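# Chain and residue survey
Below are the chains, spelled out letter by letter.
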Amino acid sequence: MVLEVPKLLYLLERPRSEGAITHLVVDVTSSYFASHHDCECEVSLELDGTPVGGTRLFHKWYSRHQFLVPVAECRYQSQLLQATA
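Here is a short report on the structure shown in this document. This one's a predicted model, so the numbers in the text were calculated from it and none came from an experiment.

The next thing to look at is the pairing of strand E5 (residues 64–70). Only one face of E5 is covered, namely the one carrying His65, Phe67 and Val69; the face carrying Arg64, Gln66, Leu68 and Pro70 has none of its residues buried. As defined by bridge partners, strand E2 (residues 23–29) adjoins E5 across seven bridges and the pair is classed as antiparallel. Bridge pairing in E5 links threonine 29 to arginine 64.

Right under this line is the structure:
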């Protein structure tokens, strides 16, 4: 999966009354693992080819994981965010 992410630095420059938004949350879900407990799959994210957010292991009943991408990493007019399994 590849997503085009726009420049997000304005979220740091103009904080809301509750505070600044500092991370983009990427929620990855798969219903496959709920019924296939013997399977495992690692998922990672890359922003323009650079790893971000670490790696998540899908196995057993874990069918959903979240990745936190710092908003400061989204500093160009457009960048590509790619999930790899």
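What follows covers the side chain of histidine 65. The residue histidine 65 is located in strand E5 in this model. There is a polar contact of 2.9 Å between the side chain of histidine 65 and the backbone oxygen of leucine 57. In this structure histidine 65 touches Val26, Asp27, Val28, Arg56, Leu57 and Phe58, once residues within four positions along its chain are discounted.

Here glutamate 46 is to be found in strand E3 (residues 40–47). Taking relative accessible area as the criterion, glutamate 46 reaches 29% and is therefore assigned partly exposed. Setting aside residues no more than four positions away along its own chain, glutamate 46 makes contact with Pro51, Val52, Leu80, Leu81 and Gln82.

Before going further, it helps to spend a moment on the pattern of salt bridges. For the structure shown, the criterion picks out two salt bridges. The salt bridge partner of aspartate 27 is arginine 64, with a shortest N-O separation of 2.8 Å. Taken together, the positions of aspartate 27 in strand E2 and arginine 64 in strand E5 put the pair 37 residues apart, joining distant regions of the chain. Glutamate 73 is the partner of arginine 75 in a salt bridge, and the nearest nitrogen-oxygen pair spans 3.8 Å. Residue arginine 75 is classed as partly exposed on the basis of its relative accessible area of 39%.

A word on unusual backbone geometry. The backbone of aspartate 48 sits at a positive phi, close to 50 degrees, despite the residue not being glycine. You can see aspartate 48 is positioned in the loop between E3 and strand E4 (50–59).

Definitions and cut-offs
Residues numbered from 1 in each chain as written. Predicted model: local features only at pLDDT ≥ 70, side-chain atom pairs only at ≥ 80, totals over all residues. Heavy atoms only, no water. Buried < 20%, exposed > 50% of the residue type's maximum accessible area, 1.4 Å probe, protein only. Helix = DSSP H or I, 4+ residues; strand = E, 2+ residues; numbered from the N terminus. Pairing = 2+ DSSP bridges. Polar contact = N/O pair within 3.5 Å; in protein donor to acceptor, adjacent residues only side chain to side chain. Contact = heavy atoms within 4.5 Å. Salt bridge = Lys/Arg side-chain N within 4 Å of Asp/Glu carboxyl O.

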